[in-house]
Amino acid sequence: MNSMTDNVSAEIVVPKAGITGLLINNEWRTPAKGKTLDVENPSRRTKIVSIGASDEEDVKAAVTAASAAFPAWRRLASRARGALLIELGNRVTANAEEIARVLAAESGNALRTQSRPEVLGAAEVLRYYGGVIAEQKGETLPLGPGLFSYTTREPLGVVGAIIPWNSPVVLAAVKIGMALGTGNTLVLKPAEDAPLAVIKIAELATGLFPAGVFNVVTGTGIDAGAPLAAHPNVAKVSFTGSLEVGKLVGHAVADRIGHATLELGGKSPCIVYPDAATPEHIDSTVTGIINAMRFARQGQSCTAGSRLYVHESVWDQVMTKVVAKVKELKIGDSLDESSDIGAIISAERYSEVRAFIEEAINNGAKVLTGALPPTVEEAKGFFPEPVIFTGVDNSWRVCREEVFGPVLVALPWKDDEEVLQWANDSVYGLAAYVFTNDLTTALRVTEQIDAGWLQVNRAGGQIPGMSYGGAKQSGIGAEYSIEGALEAYTSRKSVTINV
Ligand code: NAD
């Protein structure tokens, strides 16, 4: 792509110090080799800015700083660490609009429907961990007279956190909150496609934490992510991203018996029972189906309910309404306040999404709404309209793989056993959505679906405090809750005293 520099400076405030890309010991530095990477606006296909791109040498420097800061940081009272997280959360709230505009420009996620709520959610996550982290408690054990035994929750050391571009701000907040709250120090690597809003948060944190406690390395997965995952002094890697890269990270950590949390992809089912389509309930069910599919995030969500199964007795009325409502969504520039849906992140992802659509059409899928989008060369911005397919076979790629685009496959079902078998017929098990007003059905179905997060008659995002993580190949470990932080970011130390 021939990338022009965008005239967005009037519309967004790009990070200034953080343009160097590297935050080490509370100082913004340029990468040792002076490499840079371009951050682009996918709605306009223009360059926003160039930032520093780290490699192994820079990662080593960041890990060294984080290792040096660890002994003092871990000894601080957890509530004192928490107070700093609350302060960072408050700073994010105070600067939310500026961060949200940068996020919308770089990620393509529409400002009103996605980017603004994400930034406000990130501030909430930081304040949640800031408050709750004082609960980093151990246990006492009744081992009988003469023996007193207790456990403490010890931080692991340096955490390397690697995040994707699709919801970078809230994921950065989750990693910062859990790692720093529990007394670990952190080296955070944002995604190369959308690092700027995370850098803005890091700018707000500069000088807030003691030097070396919170470090940032920007750069590509190969040059910065891989050395971070493989570094022998990184005690734990918290990775959120694709299954493919998650496997590489898992291998790198296993080689040194390190700790890892892997939050990976999904191909989540959404099941509609007839009682959710009565005149009283059908509108909220239809809204739920569209929200579950994350159409307003171009379908670029790990929890997208991208396999829709509607009972055949209500198929016509539900699908007619779903299609009509999806067609009302306005696709456009992510910074435009009136856009419901923004743009796909990059030319590469856009081409991949287009290939899924083309292949399904060639296989004979019936298109209920949408069309094959223009090629990368023809597209002015990466805006595929939402596509809903039916007449698909569960063996097709579009039904099995994570499209990570606005592509929904929908099938009618009649047999309860069969739909549950379809729902579980995936290597993934991240999320699932069930629409029914019968409590017995809800309990039975949620019990039988293998997924980390099931929602009944709801299709919203994660809420701080809930345990969130995938089953099957959607990941290992859970985050978002205090329990998740304690399990994933601390180890138990047992002390047994002969009194
Ligand atoms: P990705 O796996 O391509 O990249 C994620 C991060 O890993 C980026 O920072 C990238 O630079 C880095 N990376 C790439 N190669 C690496 C390597 N060899 N070693 C170490 N790091 C490397 O994923 P993406 O395209 O940025 O994000 C989309 C994926 O993330 C989807 O699969 C989505 O489902 C998943 N995701 C999961 C969750 C969750 O909570 N489970 C949340 C958001 C996104």
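Parameters and conventions
- Residues numbered from 1 in each chain as written.
- Predicted model: local features only at pLDDT ≥ 70, side-chain atom pairs only at ≥ 80, totals over all residues.
- Heavy atoms only, no water.
- UniProt positions renumbered as here; feature names shortened; annotations may be inferred.
- Helix = DSSP H or I, 4+ residues; strand = E, 2+ residues; numbered from the N terminus.
- Rg over C-alpha atoms; globule rule 2.2 N^0.38 Å.
- Buried < 20%, exposed > 50% of the residue type's maximum accessible area, 1.4 Å probe, protein only.
- Pairing = 2+ DSSP bridges.
- Right-handed = clockwise from strand over helix to strand, strands pointing away.
- Expected span 1.5 Å × (residues − 1).
- Contact = heavy atoms within 4.5 Å.
- Axes fitted to C-alpha atoms, helices over the stretch in contact; angles between N-to-C directions.
- 1 Å grid on protein atoms, 1.4 Å probe; cavity = no way out; pocket = protein on both sides within 12 Å on 5 of 7 lines; lining within 4 Å.
- Points joined across faces, edges and corners; volume = space filled by probe spheres on them.
- Nonpolar A, V, L, I, M, F, W, Y, C, P; charged D, E, K, R; others polar.
- Parallel < 35°, antiparallel > 145°, perpendicular 65-115°, else oblique.
- Left-handed = near helix turned anticlockwise from the far one by under 90°.
- Near = heavy atom within 4 Å.
- Polar contact = N/O pair within 3.5 Å; in protein donor to acceptor, adjacent residues only side chain to side chain.
- Areas by Shrake-Rupley, 256 points an atom, 1.4 Å probe, with all protein chains shown as cover.
- Domains from an automatic or database assignment.
- Buried area = accessible area lost by both parts, 1.4 Å probe.

For the protein chain, an unreviewed UniProt entry supplies the name Phenylacetaldehyde dehydrogenase and the organism Paraburkholderia caffeinitolerans. Within the UniProt record for the protein chain, the comment given under Sequence similarities (unreviewed entry) is "Belongs to the aldehyde dehydrogenase family."

### As for the overall build of the protein chain
Counting secondary structure elements, the protein chain contains 15 helices and 23 strands. Radius of gyration (C-alpha) of the protein chain: 23 Å, near the 23 Å computed for a compact globule of 499 residues. Projected onto the principal axes, the alpha-carbon positions of the protein chain cover approximately 70 × 65 × 40 Å. Of all 499 residues assigned to the protein chain, the portion counted as buried reaches 56%.

### Remarks on the pairing of strand S12 (residues 259–263)
Note: strand S11 (residues 234–240) against S12, five bridges, orientation parallel. By the bridge assignment, Val 237 is partnered in S12 with Ala 260. Chirality of the crossover, the property in question, places the unit of S11, helix H8 (residues 243–254) and S12 among those that are right-handed. Bridge analysis of S12 against strand S22 (residues 475–476) gives two bridges, and the strand direction is antiparallel.

### Notes on helix H5 (residues 168–181)
With 14 residues, H5 ought to run about 20 Å at 1.5 Å a step, and its terminal C-alpha atoms sit 19 Å apart, in line with that. Of all the 14 residues making up H5, 14 are buried; the element is thus mostly covered by neighbouring parts of the structure. Once H5 finishes, Gly 183 follows within two positions and takes phi at roughly 95 degrees, a positive value.

### Brief notes about the side chain of His 231
Structurally, the position occupied by His 231 is in the loop between helix H7 (221–230) and S11. The exposure class assigned to His 231 is buried, which follows from its relative accessible area of 11%. Residues contacting His 231, with those up to four places away along its chain left out, are Lys 60, Val 63 and Arg 256.

### Some words on the sheet that holds strand S16 (residues 387–390)
Here seven strands make up an open sheet; going across it, the order is S15-S16-S17-S14-S13-S19-S20 and the pairing mixed. Two strands bound the open sheet, and with one partner strand each, they are strand S15 (366–369) and strand S20 (453–456). On average, each strand axis in the sheet is tilted by 25 degrees relative to the strand beside it, whichever way the strands run. The pairing of S16 with strand S17 (residues 407–413) spans three bridges and is parallel. Note that in S17 the partner of Phe 389 across the bridge is Val 409.

### Re the layout of surface pockets
The computed volume of the largest pocket comes to approximately 1200 Å³. In terms of lining residues, the largest pocket is bounded by 42 residues, among which Gly 241, Ser 242, Glu 244, Val 245 and Arg 349 are the most central. Among the secondary structure elements, those contributing two or more residues to the lining of the largest pocket are H7, S11, H8 and helix H11 (347–362). Classifying every residue of the lining of the largest pocket gives 23 nonpolar, nine polar and ten charged. Computed from the structure, the second largest pocket encloses a volume of approximately 890 Å³.

### Details of the packing of helix H9 (residues 282–292) against helix H10 (residues 315–328)
Orientation of H9 relative to H10, taken along the N-to-C sense of each, is 60 degrees, at an axis distance of 10 Å. Put simply, H9 runs oblique to H10. Considering how the two elements wind past one another, H9 and H10 form a crossing that is right-handed. Contacts from Ile 282, Asp 283, Val 286, Thr 287, Ile 289 and Ile 290 in H9 reach Gln 317, Val 318, Lys 321, Val 322, Lys 325 and Val 326 in H10. Class assignment of the residues belonging to the contact of H9 with H10 gives a composition of seven nonpolar, two polar and three charged.

### Re the site of the ligand
Looking at the ligand, there are 29 residues lining it, with Glu 192, Ser 242, Leu 264, Arg 349 and Glu 402 nearest. Taking Lys 189, its side chain carries an N or O atom lying 2.9 Å from an oxygen atom of the ligand. Gly 241 places a polar main-chain atom, nitrogen or oxygen, 3.4 Å from an oxygen atom of the ligand. Here the ligand, which alone exposes 850 Å², has 92% of that area covered by the protein. Mapped onto the shell around the ligand, the elements with two or more residues apiece are H7, S11 and H8.

### Description of the domain arrangement of the protein chain
Looking at the assigned domains, one finds that the protein chain contains domain 1 (17–264 + 474–498) and domain 2 (269–463). Domain 1 and domain 2 are separated by 31 Å when their C-alpha centres are compared. Each side of the interface is counted separately: domain 1 has 25 residues, and domain 2 has 32 residues. Between domain 1 and domain 2, roughly 2600 Å² of surface is buried when both sides are summed, and carbon and sulfur atoms account for 50% of that area. For domain 1, the biggest contributors to the area lost against domain 2 are Arg 45, Trp 165 and Ser 474; these three give 25% of the whole.

### What about unusual backbone geometry?
Unlike most non-glycine residues, Gln 298 shows phi in positive territory, near 60 degrees. Residue classification places Gln 298 among the buried positions, given a relative accessible area of 1%. Positive phi, normally seen in glycine, also occurs at Lys 472, with a value near 45 degrees. Mapped onto the elements, Lys 472 comes out in strand S21 (residues 471–472).

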